[in-house]
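So you can see what is in the structure, the chains are spelled out below.
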Amino acid sequence: MEVKKPENIDEYIGGFPADVQEILEKVRMTIQKAAPDAKEKISYSMPAFEQNGIVVYFAAFKNHIGLYALPSGHKAFASELSKYKSGKGSVQFPFKDPIPYDLIAEIVKFRVKENLEKAKKK
């Protein structure tokens, strides 16, 4: 059976139960507010925001929200993210704990600034 890939973030969010949709929408709004000029897209079947390159990806899973701020965003906020399960370029925010929306906003602002600095060097 082939699973239909979402064509936009609304479709992606709409594929989850109502309680998860609420969290995903709040993550989306947090990112939009922190990066108002970033454009939404689906990349690797996940919601992404792009401004001078990818700023962040996010996704929902069975027990958590994954945030992908590429390795640099995670390195810059290593101490704040240390209490969460993480990988090289990802961090997991479990549904059982409050989602750290303020931290997500800080990471997004860092990534926008980083992308802008890279773009100026080109």
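Preceding this paragraph is the structure being described.
Attention in this report is confined to the structure presented alongside it. Treat the numbers as computed from the prediction; the structure is a model and nothing was measured.

Parameters at a glance
- Residues numbered from 1 in each chain as written.
- Predicted model: local features only at pLDDT ≥ 70, side-chain atom pairs only at ≥ 80, totals over all residues.
- Heavy atoms only, no water.
- Salt bridge = Lys/Arg side-chain N within 4 Å of Asp/Glu carboxyl O.
- Helix = DSSP H or I, 4+ residues; strand = E, 2+ residues; numbered from the N terminus.
- Axes fitted to C-alpha atoms, helices over the stretch in contact; angles between N-to-C directions.
- Parallel < 35°, antiparallel > 145°, perpendicular 65-115°, else oblique.
- Left-handed = near helix turned anticlockwise from the far one by under 90°.
- Contact = heavy atoms within 4.5 Å.
- Nonpolar A, V, L, I, M, F, W, Y, C, P; charged D, E, K, R; others polar.
- Expected span 1.5 Å × (residues − 1).
- Buried < 20%, exposed > 50% of the residue type's maximum accessible area, 1.4 Å probe, protein only.
- Arc of directions from axis to C-beta.
- Polar contact = N/O pair within 3.5 Å; in protein donor to acceptor, adjacent residues only side chain to side chain.

1. Looking at the pattern of salt bridges
Close approach of charged atoms allows side chains of opposite charge to pair.
Right, so step 1: A full pass over the atoms with the stated rule returns six salt bridges.
Right, so step 2: Between Asp-10 and Arg-28 there is a salt bridge; the shortest N-O distance is 2.6 Å. Of this pair, Asp-10 sits in helix α1 (residues 9-14) while Arg-28 is found in helix α2 (residues 18-34), placing the two residues 18 residues apart along the sequence.
Right, so step 3: One salt bridge connects Arg-28 with Glu-40, and the closest N-O pair in it is separated by 2.8 Å.

2. Looking at the environment of Asp-37
Right, so step 1: Its location among the elements puts Asp-37 in the loop between α2 and β1 (39-43).
Right, so step 2: Spatially, the C-alpha atom of Asp-37 lies 9.5 Å from that of Phe-49, the residues being 12 residues apart in sequence.

3. Examining the packing of α2 against helix α5 (residues 101-121)
Right, so step 1: At a minimum axis distance of 9 Å, the contact between α2 and α5 shows a crossing angle of 40 degrees. Regarding the angle of α2 to α5, the classification is oblique. Between α2 and α5 lies a crossing of right-handed hand. Facing Ile-23, Lys-26, Val-27, Thr-30, Ile-31 and Ala-34 of α2, the residues of α5 in contact are Tyr-101, Ile-104, Ala-105, Val-108 and Lys-109.
Right, so step 2: When the residues that make up the contact of α2 with α5 are grouped by side-chain class, the tally is eight nonpolar, one polar and two charged.

4. Comments concerning α5
Right, so step 1: In a regular helix each residue adds 1.5 Å, so 21 residues correspond to 30 Å; α5 covers 31 Å between its end C-alpha atoms and thus fits that length.
Right, so step 2: Looking only at α5, the buried set comprises Tyr-101, Leu-103, Ile-104, Ala-105, Ile-107, Val-108, Arg-111, Val-112, Glu-114 and Asn-115.

5. Things to note about α2
Right, so step 1: With 17 residues, α2 extends 24 Å from end C-alpha to end C-alpha; this agrees with the ideal 24 Å at 1.5 Å per step.
Right, so step 2: Inspection of α2 places Val-20, Ile-23, Leu-24, Val-27, Arg-28, Thr-30, Ile-31 and Ala-34 among the buried residues, and these make up the whole buried set. Summarising the axial view, the buried residues of α2 lie within an arc of 160 degrees, below the 170-degree limit, and thus occupy one face. Facing away from the buried surface of α2 by more than 90 degrees, the exposed residues are Ala-18, Glu-22 and Lys-33.
Right, so step 3: Looking at the packing, one finds that the buried side of α2 touches α1, β1, β2 (46-50), β3 (54-60), β4 (64-68) and α5.

6. Some points on the environment of Glu-11
Right, so step 1: Among the secondary structure elements, Glu-11 is positioned in helix α1.
Right, so step 2: Excluding anything up to four places from it in sequence, Glu-11 contacts Lys-4, Lys-5 and Pro-6.

7. Notes on the side chain of Arg-111
Right, so step 1: Note that Arg-111 resides in helix α5.
Right, so step 2: Engagement of the side chain of Arg-111 in a polar contact is seen with the backbone oxygen of Val-55, the distance being 3.0 Å.
Right, so step 3: If we skip the residues at most four places from it in the chain, Arg-111 touches Ile-54, Val-55, Val-56, Ala-69, Leu-70, Ser-72 and Gly-73.

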